[in-house]
Amino acid sequence: MTSIVPHGGSVVAITGAGRGIGAATAAALHAAGHHVALGDIDEASARSVASGLGERTFAARVDVADADSFAAFLAGAREALGPVDVLVNNAGIMPIGPFLDETIETARRAVDVNVVGPLTGMKAALPDMVARGRGHVINVASVAGKSPVPGGLTYAATKAAVVSMTETARVEYAKTGVVFTCVMPSFTNTELIAGTKGTKFIKNAEPRDVADAIVAAIAKPRADVYVPAAVGAIVRGQPLLGRRLRDAINHSIGADTTFLDVDASARAGYDKRIATQVPGALDAPDAPGALPPGERD
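These numbers were taken from a predicted model, which means no experiment stands behind them. (Residues numbered from 1 in each chain as written. Predicted model: local features only at pLDDT ≥ 70, side-chain atom pairs only at ≥ 80, totals over all residues. Heavy atoms only, no water.)

A. Broad picture of the overall build of the chain. Helix and strand counts for the chain stand at nine helices and seven strands. Buried positions account for 56% of the 297 residues belonging to the chain. Sequence-distant contacts, at least 24 apart, represent 75% of the contacts inside the chain between residues at least 6 apart. Accessible surface for the chain amounts to roughly 11700 Å². Of this, 57% is attributable to carbon and sulfur atoms. (Helix = DSSP H or I, 4+ residues; strand = E, 2+ residues; numbered from the N terminus. Buried < 20%, exposed > 50% of the residue type's maximum accessible area, 1.4 Å probe, protein only. Contact = heavy atoms within 4.5 Å. Areas by Shrake-Rupley, 256 points an atom, 1.4 Å probe, with all protein chains shown as cover.)

Pasting the structure below:
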């Protein structure tokens, strides 16, 4: 894949840009010379990040699950900065814990934000990109989308959907000049993993690591980006091991209990926020674990 927009100076719209991976990505893109539109359901957080970056920015509230809200966000970005060259669908939430303890309302909220969100974003951004004959959609999924994740059943299912939608869009729009990238981070040190213990032997990524990978993917598009890169080899190799050996390995590093053995008090603040905010762009989908609890994150 070749770059379809200049390495610097492109207009990049990011959801979930008020904190975590989204905020780090906005900062990295701005430092690389891009014009950055920051969207978040918490408008104050998006505006705060944009204010810290200075010129070449635009910030607004966006509920990613609402078509009108997403369209308004992109229209505002276009008016302030110019046509959107790159859309980074980054907003996501991560409810974790035993599946049967999860309410159906929580599951629906996760689907709205994590699945309906990027679908809505692509429907809003693609018409203009296709008409211009160029553009780039980057969907931030998670290694969880490639793996069984006990304690994160709904989350992993939503991320698997993002992996699939990105790959399918890549094929469907292959002749339009629009390219697609799926970014799959492992455990990343943001609020999403509050109260979890991580996995043995694999160091957590930092938001800036994911941000740098996104900047690199804009400069030189790739279909799949794993963060850290080494996780990609693990994920691709695990199906060759067979389920029994794969599950044994994940058990040995604690990946099968990462989202079940959780410090509830340490996670209370995040859980409260995702339970009370209107479904829409919340935080960056800072992917869970580095190796799947069965194919880690």
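B. Representation of the packing of helix H4 (residues 104-132) against helix H5 (residues 153-172) in the model. One can describe the packing of H4 onto H5 by two numbers: an axis separation of 9 Å at closest approach and a directional angle of 15°. The orientation of H4 with respect to H5, classified from their angle, is roughly parallel. In this structure, H4 meets H5 at a crossing whose hand is right-handed. Side by side, H4 and H5 meet where Ala107, Ala110, Val111, Asn114, Val115, Pro118, Leu119 and Met122 of the first sit next to Thr154, Tyr155, Thr158, Lys159, Ala161, Val162, Met165 and Ala169 of the second. Of the residues assigned to the contact of H4 with H5, the class counts are 12 nonpolar, three polar and one charged. (Axes fitted to C-alpha atoms, helices over the stretch in contact; angles between N-to-C directions. Parallel < 35°, antiparallel > 145°, perpendicular 65-115°, else oblique. Left-handed = near helix turned anticlockwise from the far one by under 90°. Nonpolar A, V, L, I, M, F, W, Y, C, P; charged D, E, K, R; others polar.)

C. Expanded view of the sheet that holds strand S1 (residues 11-15). Taken in spatial order, the seven strands of this open sheet run S3-S2-S1-S4-S5-S6-S7, and their pairing is parallel. In the strand order of this sheet, the two ends are held by strand S3 (57-61) and strand S7 (224-227), each with one partner. Averaged over all adjacent pairs, the angle separating strand axes in this sheet is 15°, with direction ignored. With six bridges connecting them, strand S5 (residues 135-140) and strand S6 (residues 178-185) associate as parallel partners. Opposite His136, over in S6, you have Val179 as the bridge partner. Helix H3 (residues 67-81) rests against S1, strand S2 (35-40), S3 and strand S4 (86-89) of the sheet, and its axis sits at about 160° to S3. (Pairing = 2+ DSSP bridges.)

D. Seen up close, the nonpolar core. Core analysis: the largest hydrophobic core is formed by 46 residues, its most contacted members being Phe73 and Leu74. With seven residues, the top contributor of residues to this core is H4. Filtering out sequence-adjacent residues up to four positions away, Leu74 remains in contact with Ala13, Val84, Leu87, Ala124 and Ala125. (Core = buried A, V, L, I, M, F, W, Y, C linked by side-chain atoms within 4.5 Å.)

E. Structural view of the environment of Leu241. Position of Leu241 relative to the elements: it lies in helix H7 (residues 229-241). Beyond its immediate chain neighbours, meaning those up to four positions away, Leu241 contacts Arg246 and Ile249.

F. Quick look at the packing of H3 against H4. Running from amino to carboxyl end, H3 crosses H4 at an angle of 50°, the nearest separation of the two axes being 9 Å. Judged by the angle between their axes, H3 and H4 are oblique. The hand of the H3/H4 crossing is right-handed. Contact residues: Ala67, Phe70 and Leu74 in H3; Gly117, Thr120, Gly121, Ala124 and Ala125 in H4. Residue classes in the contact of H3 with H4 are distributed as five nonpolar, three polar and no charged.

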